[in-house]
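# Tertiary structure, described
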Amino acid sequence: MCGICGIYNFDGHSVDKGLLQRMNDTLFHRGPDGEGFFIDSNIGLGHRRLSIIDLEGGKQPMSNEDGAIQVVFNGEIYNFLELKKELEAKRYRFRTRSDTETIIYGYEEWGEDFVQKLRGMFAIALWDARMKKLLLIRDRIGKKPLFYHLGKDRILFASEMKALLVDKSIPKEIDLHALDSYLSFGYVPSPMSIFKSINKIPPAHIAVYKNGHFSVKPYWHLDMGNVASHKPEKNVIEELRSLFDEAVRLRLISDVPLGAFLSGGIDSSIVVASMAGLMKKEPVKTASIGFSDKNFDELKYARIVADYYRTDHTEFVVTPNALEVLNDIVWHLDEPFADASAIPTYYVSKMARQKVTVALSGDGGDETFAGYINRYYMNRLEDNIRKKIPDSLGKYILNPLSKVFPMADYLPRPLRLKRFLSNLSYTFEQAYFRDMSFYFLPEMKQGLYRPEFKVAIKDFDAFDILGKHFEVNRNPDVTTRVQYVDIKTYLPEDI
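### Quick notes on the overall build of the chain
On a plain count of helices and strands, the chain comes out with 20 helices and 16 strands. Scaling as 2.2 N^0.38, a compact globule of 495 residues should have a C-alpha radius of gyration of about 23 Å, and the chain matches this with 24 Å. By principal-axis analysis of the C-alpha atoms, the chain measures approximately 70 × 60 × 50 Å. When burial is assessed residue by residue, the chain has 50% of its 495 residues classed as buried. For the chain, the proportion of contacts with a sequence separation of at least 24, taken over those separated by at least 6, is 65%. For the chain, the exposed area adds up to about 24,600 Å²; of that, 55% sits on carbon and sulfur atoms. Of note, the chain has its 66 positive side-chain charges centred 1 Å away from the centre of its 67 negative side-chain charges.

Written as structure tokens, this is what we have:
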């Protein structure tokens, strides 16, 4: 990964070079291979580089030939070679082998619509000096973060919130709506951050500042409205295999050591299988974490995959000590985050970095292929039952009855009668919100909050974070609707 940051003073004041340097220095861990700056009066861009492609020629900020377009970006454009060919046919002359240059000429050729052509993960800041326009763009699924502070006479942006907070003048007042959402989901959903004065560019959105006007708008919509297929199953499987291998192949373009996180689960195992088929000249480098507590240890499954594909495999057995790594994890996350998977992720990332610079993982597989069996299966089962019972039965009998049973989250999902009976008394959407409220259900929060806190958040309802996405996708298949909501919320914000 790399780190980007910048300052644009709308009032014409020159950029504080010292502040920009401090912002960039805060992102050193994201890009230890080099730094770069572009400063022109009231606009300044900073970049910390982790070199992946074109180690010598890919330095940023990068510009077009006359310097009117300046770009810093974090991520990777997977189809940059295809875009380069297309742009060269239109007489653009490339000076590097870097994927960054396709962003510059893509913008020159297609304007803001160039982002539609990008396949990849990215957070992009682009300055157009001719039009006095600043673009901030985040990839479709939100793999790369991008925060910003919009003031009366300036905008600051960065890959991490801590880079903004080196400016002591930015207020640090807690956003109570963000805090309420965090207590439901265990993360702060976009576009909010834990601070009122800082926002996130949401996934699949582009922010534009021009002529005194700032707007944030979507550039891509995930269409899951009609997923029915009348193709033979064999054909669908072949098509999926081809698409999957192509996706992996595009991610193998690298001038530095590359490997994979291997948990032994289906998702990461399939990624490693595809990598092994594509990387003929050398074994795939795999990294796995094991735990001294055998109840949580899955190394034996990872070994089966590693042995089968003859990977260059590294294992690291840990006794997780949350207190030992808590300070590091909190420093990296910047805002409240309650998913304990951050701890093993920290360990495996630290270990893998000893051998590789880039690592593929199986993240996103569960949302794409309905892998959360307990959740997705139970949602469908509950909905089938809900459709067959009167509303009054759920409201006046099943909901009161559910209060008799304990939470019993240690039991398999079908045996958690409290949640099962309670969910039947709510709409499908509200029941799913309660499923995703891992930490505090609405009634628990009401018992927790002081009266003045309730007044302060007024009519805010964390359900609306999911509800707006349920409204967009009205597919009659409940699993498809839940997958859509997860891809829009849980995947980018938590996973």
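### Some details on the pairing of strand β6 (residues 120-128)
Among the 9 residues of β6, 8 are classified as buried, and the element is accordingly described as predominantly covered. Where strand β5 (residues 69-77) lies against β6, 9 bridges are found, and the strand directions are antiparallel. Bridge pairing links Val71 to Leu126 in β6. As paired elements, β6 and strand β7 (residues 133-138) share 6 bridges and run antiparallel to each other. Across the sheet, the residue bridging to Ala125 is Leu136, located in β7.

### Points about the sheet that holds strand β1 (residues 3-9)
Taken in spatial order, the 6 strands of this open sheet run β2-β3-β1-β9-β8-β10, and their pairing is antiparallel. Strand pairing shows two members of the sheet lacking a second neighbour, β2 (34-40) and β10 (199-200), which therefore form its edges. Judged from the 5 bridges that link them, β1 and strand β9 (residues 154-158) form a sheet pairing that is antiparallel. Pairing of Ile7 across the sheet is with Leu156, part of β9. Sitting on the sheet, helix α1 (residues 17-26) is in contact with β1, β2, β3 (43-49) and β9, with an inclination near 150 degrees to β2.

### Here we look at the environment of Met224
Positionally, Met224 belongs in the loop between β12 (213-218) and α6 (233-250). The exposure class assigned to Met224 is buried, which follows from its relative accessible area of 12%. Sequence-wise, Met224 and Arg481 are 257 residues apart; in three dimensions their C-alpha atoms are separated by 7.9 Å. Not counting residues up to four positions away in its chain, the partners in contact with Met224 are Asn473, Asn475, Thr480, Gln483, Tyr484 and Ile487.

### Digging into the pairing of β3
Within β3, 7 of the 7 residues are buried, which leaves it mostly tucked inside the rest of the structure. Residues Ile43, Leu45, His47 and Arg49 of β3 are buried on one face, and the alternating residues Gly44, Gly46 and Arg48, pointing to the opposite face, are buried as well. Across 6 bridges, β1 lies against β3 in antiparallel orientation. Among the inter-strand pairings, Tyr8 is bridged to a residue of β3, identified as Ile43. Sheet analysis places β2 next to β3, joined by 7 bridges and oriented antiparallel. Of the residues in β3, the one forming a bridge with Ile39 is Gly44. Linking β2 to β3, which pair antiparallel, is a turn of 2 residues; within it Ser41 sits at a positive phi near 60 degrees.

### Here we look at the packing of aromatic side chains
What the rule picks out here adds up to 20 aromatic pairs. Their ring planes at 80 degrees and their centres at 5.1 Å tell us that Phe94 and Tyr105 sit as a pair that is edge-to-face. With Phe94 in the loop between α2 (80-88) and α3 (100-110) and Tyr105 in helix α3, this residue pair connects regions lying 11 residues apart in the sequence. There is no split in this pair, since Phe94 and Tyr105 are both buried. Measuring from ring centre to ring centre gives 5.8 Å for Phe185 and Phe433, while their planes differ by 75 degrees; the resulting arrangement is edge-to-face. Note that Phe185 is positioned in helix α5 (residues 176-185) and Phe433 in helix α15 (residues 428-436), a separation of 248 residues in sequence.

### Let's talk about helix α8 (residues 299-308)
In an α-helix there are 3.6 residues to a turn, and that puts residues three or four apart on one side. By the burial criterion, the buried members of α8 are Leu299, Ala302, Val305 and Ala306. Projected down its long axis, α8 shows its buried positions confined to an angular sector of 125 degrees, all on one face. Away from its buried face by more than 90 degrees, α8 exposes Ile304, Asp307 and Tyr308. On its buried face, α8 is in contact with α7 (266-278), β14 (285-291) and β15 (312-318). Arg310 occupies a position one or two residues after α8 and carries a positive phi of about 50 degrees.

### Regarding unusual backbone geometry
In this model, Gln60 is joined to Pro61 through a cis peptide bond whose omega is 0 degrees. If you trace the backbone, Pro61 turns up in the loop between β3 and β4 (62-63). In this structure, Ser41 takes a positive phi of about 60 degrees despite not being glycine. Mapped onto the secondary structure, Ser41 falls in the loop between β2 and β3. The backbone phi angle of Lys132 is positive, close to 50 degrees, even though this residue is not glycine.

### Looking at the sheet that holds β4
The sheet built from 6 strands is open, its strands ordered β4-β5-β6-β7-β11-β12 with antiparallel pairing. A single partner strand is all that each edge strand has here, and the edge strands are β4 and β12. The pairing of β7 with strand β11 (residues 205-210) spans 5 bridges and is classified as antiparallel. Bridge pairing in β11 places Lys133 opposite Lys210. Against the sheet, α3 contacts β4, β5, β6 and β7, and its axis sits at roughly 125 degrees relative to β5.

### So, the environment of Glu56
One can find Glu56 in the loop between β3 and β4. In sequence terms Glu56 and Glu471 are 415 residues apart; their C-alpha atoms lie 48 Å from each other.

### Observations concerning the pattern of salt bridges
Per the counting criterion, the structure on display carries 29 salt bridges. Arg481 is the salt-bridge partner of Glu429, the closest N and O atoms lying 2.8 Å from each other. With Glu429 in helix α15 and Arg481 in helix α19 (residues 478-488), the pair connects residues that are 52 residues apart, well separated along the chain. Salt bridges sharing common partners tie together Arg30, Glu160, Lys162 and Asp334.

Conventions used here
- Residues numbered from 1 in each chain as written.
- Predicted model: local features only at pLDDT ≥ 70, side-chain atom pairs only at ≥ 80, totals over all residues.
- Heavy atoms only, no water.
- Helix = DSSP H or I, 4+ residues; strand = E, 2+ residues; numbered from the N terminus.
- Rg over C-alpha atoms; globule rule 2.2 N^0.38 Å.
- Buried < 20%, exposed > 50% of the residue type's maximum accessible area, 1.4 Å probe, protein only.
- Contact = heavy atoms within 4.5 Å.
- Areas by Shrake-Rupley, 256 points an atom, 1.4 Å probe, with all protein chains shown as cover.
- Lys, Arg positive; Asp, Glu negative; His and termini not counted.
- Charge placed at Lys NZ, Arg CZ, Asp CG, Glu CD.
- Pairing = 2+ DSSP bridges.
- Axes fitted to C-alpha atoms, helices over the stretch in contact; angles between N-to-C directions.
- Phe/Tyr/Trp six-rings, centres within 6.5 Å; stacked < 30°, edge-to-face > 60°.
- Arc of directions from axis to C-beta.
- Salt bridge = Lys/Arg side-chain N within 4 Å of Asp/Glu carboxyl O.

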